[in-house]
Amino acid sequence: MSNAKRTEESVKTLEEGITKVKLIMDGYPACKLFTSEEYMRYYNSVYLLCIRPPPHDLSAELLQRYHAVLDESVYFKVLPFLKDKSGASLLAEFLRAWTNYKAMVKCLGGFFLYLDKKCTDQKSSAPLKEVALSCFQNRVCCDFLPELFDAALLLVSQDRKEEPIDRSLLQGLSTFFWENGGSEKGTYYYMFEEKLLADTSSCYSRFASEWLLSYSSTDYILKVERCLNDEKGKLSQYMYPFSVEKLLQVVHLKLIGETTSQLIEKKTAENLNSTRYQELLSRCSNLSIG
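This is a predicted model, so every value here is computed, not measured. (Residues numbered from 1 in each chain as written. Predicted model: local features only at pLDDT ≥ 70, side-chain atom pairs only at ≥ 80, totals over all residues. Heavy atoms only, no water.)

### Description of the overall build of the protein
Of regular secondary structure, the protein possesses 14 helices and 0 strands. Start at the N end of the protein and walk to the C end: the helices and strands fall as α-α-α-α-α-α-α-α-α-α-α-α-α-α. Scaling as 2.2 N^0.38, a compact globule of 290 residues should have a C-alpha radius of gyration of about 19 Å, whereas the protein reaches 27 Å, well beyond that. In terms of overall dimensions, the protein has a C-alpha envelope of 100 × 35 × 30 Å along the principal axes. For the protein, the share of sequence-separated contacts (at least 6 apart) that also reach a separation of at least 24 residues comes to 75%. Taken as a whole, the protein presents about 15100 Å² of accessible surface, with 54% of it coming from carbon and sulfur. (Helix = DSSP H or I, 4+ residues; strand = E, 2+ residues; numbered from the N terminus. Rg over C-alpha atoms; globule rule 2.2 N^0.38 Å. Contact = heavy atoms within 4.5 Å. Areas by Shrake-Rupley, 256 points an atom, 1.4 Å probe, with all protein chains shown as cover.)

Written as structure tokens, this is what we have:
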């Protein structure tokens, strides 16, 4: 077989694998799409296209094809499905797309493993896994990050109002935020944490005003105690411990720290036992520091 014919056959084989690997974006599991023999056949096709001497080495063209597969997957299988969605439906679709994208990239990376090693050794490209991550961040996150933040904050707000939500969506998004965000791990997470702290501050300022009008000083403190316990339990399911501590401190500040004078006035008017009152305050303070 001539070199040209071998090249043609290798390209044809690789394209067959790429067509199948794209189905992962539709939710098809890789184990159902490829046998181990097929997987090796696609790997070998890339290997054969990379080892030929210049000018017949097709490494640069293969790298371009890898980029193109990523772009096609994002533009046709991610972005259209996120458009016009909000709230829980946006988060669910985003996490579905991210899960499928990661699975596709893992499989595709196996096909292009030799090219990845070659590019890394020659320093002609970033590792292909980084290329894939950057593609998703630049094409998807840059456009939808503000909407993802808003959707997550909406779910947190609904959760605080005792409305039913799927906390696994917040957990999945929090994990994504922690693992991604450009050059520094956790960039997206800290951006979300900042927004959640601000939203929590605003939320519990409103609650404090409402509860001071509705409850006696004792009932108010008991309400705060229950609230801190509930908040800790919920937040611990989707935020990291250091964030939970910050958020509980904000809740305590808004409900106790900034209402001290009003509470003293209510306590005095009600002629409440000071020992009992201080005991309740102390319990709330202990909850706010974990």
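After that view, the rundown keeps rolling.
### A few points about the nonpolar core
Counting residues in hydrophobic clusters, the biggest one holds 83 residues, and the most contacted among them are Leu-70, Tyr-101, Phe-112, Phe-177, Tyr-220 and Leu-255. The biggest single contributor to this core is helix H8 (residues 128–160), with 16 residues. Excluding residues that lie within four positions of it along the chain, Leu-255 makes contacts with Tyr-204, Phe-207, Ala-208, Trp-211, Tyr-220, Val-224, Cys-227 and Leu-263. (Core = buried A, V, L, I, M, F, W, Y, C linked by side-chain atoms within 4.5 Å. Buried < 20%, exposed > 50% of the residue type's maximum accessible area, 1.4 Å probe, protein only.)

### Looking at the state of the cysteines
With the rule as written, the count across this model stands at 0 disulfides. Cys-203 forms no disulfide, and the closest cysteine sulfur to it belongs to Cys-227, at a distance of 8.0 Å. (Disulfide = S-S within 2.5 Å.)

### What to know about the side chain of Asn-100
Position of Asn-100 relative to the elements: it lies in helix H6 (residues 87–111). For Asn-100, a relative accessible area of 11% translates into the label buried.

### Some thoughts on unusual backbone geometry
Leaving glycine aside, a negative phi is the common case for residues, and trans is the common case for peptide bonds. A positive phi angle, close to 70 degrees, is found at Asp-84, a residue other than glycine. Of note, Asp-84 is situated in the loop between helix H5 (79–82) and H6.

### Quick look at the packing of helix H3 (residues 36–50) against helix H7 (residues 113–122)
Across the interface, H3 lies against H7 with an axial gap of 7 Å and an inter-helix angle of 40 degrees. Accordingly, the angle class assigned to the pair H3 and H7 is oblique. In this structure, H3 uses Tyr-43, Val-46, Tyr-47 and Cys-50 to contact H7, whose residues at the interface are Leu-113, Tyr-114, Leu-115 and Lys-118. Class assignment for the residues of the contact of H3 with H7 results in 7 nonpolar, no polar and 1 charged. (Axes fitted to C-alpha atoms, helices over the stretch in contact; angles between N-to-C directions. Parallel < 35°, antiparallel > 145°, perpendicular 65-115°, else oblique. Nonpolar A, V, L, I, M, F, W, Y, C, P; charged D, E, K, R; others polar.)

### Here's the deal with the packing of helix H10 (residues 187–214) against helix H11 (residues 217–235)
Two measures define how a pair of helices packs: the angle their axes make with one another and the distance between the axes. Here H10 crosses H11 at 155 degrees, and the two axes come no closer than 12 Å. By the angle between their directions, the pair H10 and H11 is classed as roughly antiparallel. At the point where H10 passes H11, the crossing takes the right-handed sense. Every residue of H11 that contacts H10 at Leu-196, Tyr-204, Ala-208, Trp-211 and Leu-212 is listed here: Tyr-220, Lys-223, Cys-227, Glu-231 and Leu-235. Of the residues belonging to the contact of H10 with H11, the class tally is 8 nonpolar, no polar and 2 charged. (Left-handed = near helix turned anticlockwise from the far one by under 90°.)

### Some details on the pattern of salt bridges
Evaluated as defined, the whole model comprises 16 salt bridges. Note that Asp-57 and Lys-118 form a salt bridge whose closest N and O atoms lie 2.6 Å from each other. Placement of Asp-57 in the loop between H3 and helix H4 (59–77) and of Lys-118 in helix H7 is noted, with a sequence separation of 61 residues between them. Since its relative accessible area comes to 22%, Asp-57 is described here as partly exposed. A salt bridge links Asp-159 to Arg-167; the nearest nitrogen and oxygen atoms lie 2.8 Å apart. On the basis of relative accessible area, Asp-159 is assigned to the buried category, the value being 5%. Taking relative accessible area as the criterion, Arg-167 reaches 24% and is therefore assigned partly exposed. In the salt-bridge network here, residues are joined through shared partners; they are Glu-15, Lys-22, Arg-65 and Glu-72. (Salt bridge = Lys/Arg side-chain N within 4 Å of Asp/Glu carboxyl O.)

### Re a nonpolar patch on the surface
A contiguous nonpolar patch, built from Tyr-47, Leu-48 and Ile-51 and spanning about 250 Å² of accessible area, is present on the exposed surface. In this structure Tyr-47 comes out as partly exposed when scored by relative accessible area, which is 32%. (Patch = residues over 30% accessible without salt bridge, like charges linked within 9 Å, V, L, I, M, F, W, Y side chains within 5 Å.)

### Concerning the confidence of the model for the protein
Scored by pLDDT, the protein comes out at a mean of 91, with 94% of its residues at no less than 70. At the low end of the mean pLDDT range in the protein sits helix H14 (residues 274–288), at 67; at the high end sits H6, at 97. (pLDDT = per-residue confidence, 0-100.)

### A few points about the packing of aromatic side chains
Enumeration over the complete set of coordinates arrives at 32 aromatic pairs. Where Trp-98 meets Phe-176, the ring centres are 5.0 Å apart and the plane angle is 80 degrees; that geometry is what we call edge-to-face. In this pair, Trp-98 sits in helix H6 while Phe-176 sits in helix H9 (residues 167–179), placing the two residues 78 residues apart along the sequence. Accessibility expressed as a relative area gives 9% for Trp-98, which makes it buried. (Phe/Tyr/Trp six-rings, centres within 6.5 Å; stacked < 30°, edge-to-face > 60°.)

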